[in-house]
Amino acid sequence: MAQEETIKTLGLENNKLFTSFIQRLPFAKTKYRNYLPLYPLAIEQFDLSQYDLIISSSHAVAKGVLTHSGQIHICYCHSPMRYAWDLYHQYITDLGLKKGLKGFFVKLVLHRMRQWDVISSNRVDYFISNSDYIGKRIEKIYRRESKTIYPNVALENFELGEAKEDFYFTCSRFVPYKKIDLIVKAFAQMPDKKLFVMGDGPDFKRIQKLATDNIILLGYQPLNILKSYLSRAKAFVFAAEEDFGILPVEAQACGTPVIAYGRGGVRETVIQNKTGVYFNEQNVASIIEAVNYFENNSTLFIPAEIAKHAAAFSSQRFSKELAQFIKTIIS
């Protein structure tokens with residue numbers, strides 16, 4: 001999505017948008033990850049001293065803005081930096097950075113990022129976590145309490161699909177921790193079951209080589225195509241350990257059951273044997289077992305009931321809970 005379209009979708013005014021100096025660095029639009037060591041410095045350059053209340057939405061450095069004693073800073077935390085904490089060793093291994101000069105440099109940068117991440121957590125007055133799962137991570141890493149308010153999911157963009165077709169569906173950015181390769185490998189061993197895979201990313205070519213005749217890779221598609229597949233699929237397959245997981249909720253809003261890895265935020269959005277099925281290990285055999293279990297128990301999953309459950313994650317509910325939380329602080 002182009003920058004202008006994103007701004008329009010969010011309902012923001014151009015004159016109220018401010019970018020950091022990284023925006024003006026060479027190749028920043030495509031190679032922004034290379035400037036990771038500069039992120040803490042960049043976020044600290046924003047002058048927010050004229051505001052009484054600051055709400056940061058942070059999965060990395062946004063919570064590190066500088067404030068003074070007369071301000072209240074609420075951080076809606078999607079996660080402490082995953083690549084610096086929970087996914088550090090996986091990140092280093094997947095990118096082949098365990099050895100060598102480049103590996104040493106990346107390890108040093110992430111070491112410094114962890115130090116800054118903990119220090120900057122003390123700049124936050126109140127933490128909101130996007131799930132209880134992330135609340136535990138905030139407590140573990142920052143030694144801070146948090147209030148869980150589930151993210152807003154644009155349920156109004158998704159419609160209940162009562163008539164399901166004979167195919168499975170998954171959608172994600174093709175990066176290692178999403179585990180799309182495991183889903184594709186699993187369905188490669190189930191040639192009688194059709195799988196559609198939507199998304200793009202660095203791992204696309206590698207996953208493309210794993211696909212068999214019953215697996216169709218769709219690449220990136222616009223929202224209307226995503227909605228069509230979500231509403232028609234017999235089940236949505238999700239193998240990542242996510243902080244919350246928006247797509248499983250969107251699938252349920254379409255009345256589509258979810259076959260998901262049973263860790264992370266999905267444990268708080270999918271109900272076993274009512275709106276979906278969990279598998280307990282991130283491996284091919286576990287996914288195959290879950291798919292077979294789902295098919296043998298398909299009568300448990302009623303589209304209208306699944307969509308009714310998803311309504312608990314609406315934008316209206318999010319706005320109300322956030323407003324109530326802020327009111328208790330500033331009143």
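It should be noted that the structure appears before, not after, this text.
A. How the structure looks around the overall build of the chain. On a plain count of helices and strands, the chain comes out with twelve helices and ten strands. Radius of gyration (C-alpha) of the chain: 21 Å, near the 20 Å computed for a compact globule of 331 residues. Overall, the C-alpha framework of the chain stretches about 60 × 55 × 40 Å when taken along its three principal axes. Taking all 331 residues of the chain together, 49% fall into the buried category. Put simply, 59% of the contacts in the chain that link residues at least 6 apart link residues at least 24 apart. With the model as given, the accessible surface of the chain reaches about 17,900 Å², and the carbon-plus-sulfur share is 54%.

B. Expanded view of the sheet that holds strand β10 (residues 276-279). One open sheet holds the six strands; their spatial order is β7-β6-β5-β8-β9-β10, and the pairing between them is parallel. The open sheet is flanked by β7 (215-219) and β10, the only strands paired with a single partner. Taking the axes of each pair of neighbouring strands and ignoring which way they run, one obtains an average angle of 20° across the sheet. With four bridges connecting them, strand β5 (residues 168-171) and strand β6 (residues 195-198) associate as parallel partners. Each residue of the ladder has a partner; that of T170, found in β6, is V197.

C. The arrangement of the sheet that holds strand β2 (residues 72-77) in detail. Overall, parallel pairing links the four strands, which are arranged β1-β2-β3-β4 in an open sheet. At either end of the open sheet lies a strand with only one pairing partner, and these are β1 (53-58) and β4 (146-148). If you compare each strand with its neighbour and ignore which way they point, the axes differ by 25° on average. Sheet analysis places β1 next to β2, joined by six bridges and oriented parallel. Residue I55 lies in a different strand from β2, and its bridge partner there is I74. Packed onto the sheet, helix α12 (residues 315-330) meets β1, β2, β3 (126-129) and β4 and runs at close to 150° relative to β2.

D. A look at the pairing of strand β8 (residues 235-238). The alternating pattern of β8 places A235 and V237 and F236 and F238 on opposite faces, both of which are buried. As defined by bridge partners, β5 adjoins β8 across two bridges and the pair is classed as parallel. Across the sheet, Y168 pairs through a bridge with A235, a residue of β8. In this sheet, strand β9 (residues 258-261) lies alongside β8 in parallel orientation, the contact comprising three bridges. Directly across from F238, in β9, lies its bridge partner A260.

E. Quick peek at the pattern of salt bridges. Counted according to the given criterion, the structure contains 16 salt bridges. The partner of D117 in a salt bridge is K63, with the nearest N and O atoms 2.3 Å apart. On the criterion of sequence distance, the pair formed by D117 in helix α4 (residues 100-121) and K63 in the loop between β1 and β2 is long-range, its members being 54 residues apart. This pair shows no difference in class: D117 is buried, exactly as K63 is. If you follow the salt bridges from partner to partner, you end up with R82, D86, R137, K178, E242 and D243 in one network.

F. Representation of the packing of aromatic side chains. All chains considered together, the criterion is met by 18 aromatic pairs. Aromatic side chains Y150 and F244 sit 5.9 Å apart centroid to centroid with 35° between the ring planes, which places their arrangement in the tilted category. Highlighted residues: Y150 in the loop between β4 and β5 and F244 in the loop between β8 and α9 (246-253), separated in sequence by 94 residues. Taking relative accessible area as the criterion, F244 reaches 3% and is therefore assigned buried.

G. Broad picture of the side chain of S231. Along the chain, the position of S231 falls in helix α8 (residues 223-232). Judged by its relative accessible area of 16%, S231 is buried. Those residues in contact with S231 that sit more than four places away from it in its chain are E159, G161, A163, K164, C254 and T256.

H. Main features of α4. The end-to-end C-alpha distance of α4 is 32 Å, a good match for the 32 Å that 22 residues give at a rise of 1.5 Å each. When we look at burial in α4, the residues that qualify are G103, V106, V109, L110, M113, R114, W116, D117, S120 and S121. Contact partners of the buried residues in α4: α2 (39-43), α3 (88-94), β3 and α5 (132-142).

I. Highlighting the environment of F27. When you line up the elements, F27 lands in the loop between α1 (3-10) and α2. Taking the relative accessible area as the measure of exposure, F27 reaches 66% and is therefore exposed. Taking the C-alpha atoms as reference points, F27 and F279, 252 residues apart in sequence, are found 41 Å from one another.

J. Representation of the environment of Y150 within the structure. Y150 sits 162 residues away from A312 along the chain, and the two C-alpha atoms are 9.3 Å apart. Discounting chain neighbours no more than four positions away, the residues touching Y150 are Y76, N130, S131, D132, F244, E268, F313, R317 and F318. Side-chain polar atoms of Y150 contact the side chain of E268, separated by 2.7 Å.

Each value, and the rule that gives it
Residues numbered from 1 in each chain as written. Predicted model: local features only at pLDDT ≥ 70, side-chain atom pairs only at ≥ 80, totals over all residues. Heavy atoms only, no water. Helix = DSSP H or I, 4+ residues; strand = E, 2+ residues; numbered from the N terminus. Rg over C-alpha atoms; globule rule 2.2 N^0.38 Å. Buried < 20%, exposed > 50% of the residue type's maximum accessible area, 1.4 Å probe, protein only. Contact = heavy atoms within 4.5 Å. Areas by Shrake-Rupley, 256 points an atom, 1.4 Å probe, with all protein chains shown as cover. Pairing = 2+ DSSP bridges. Axes fitted to C-alpha atoms, helices over the stretch in contact; angles between N-to-C directions. Salt bridge = Lys/Arg side-chain N within 4 Å of Asp/Glu carboxyl O. Phe/Tyr/Trp six-rings, centres within 6.5 Å; stacked < 30°, edge-to-face > 60°. Expected span 1.5 Å × (residues − 1). Polar contact = N/O pair within 3.5 Å; in protein donor to acceptor, adjacent residues only side chain to side chain.

Honestly, it's all geometry; don't read function into it.
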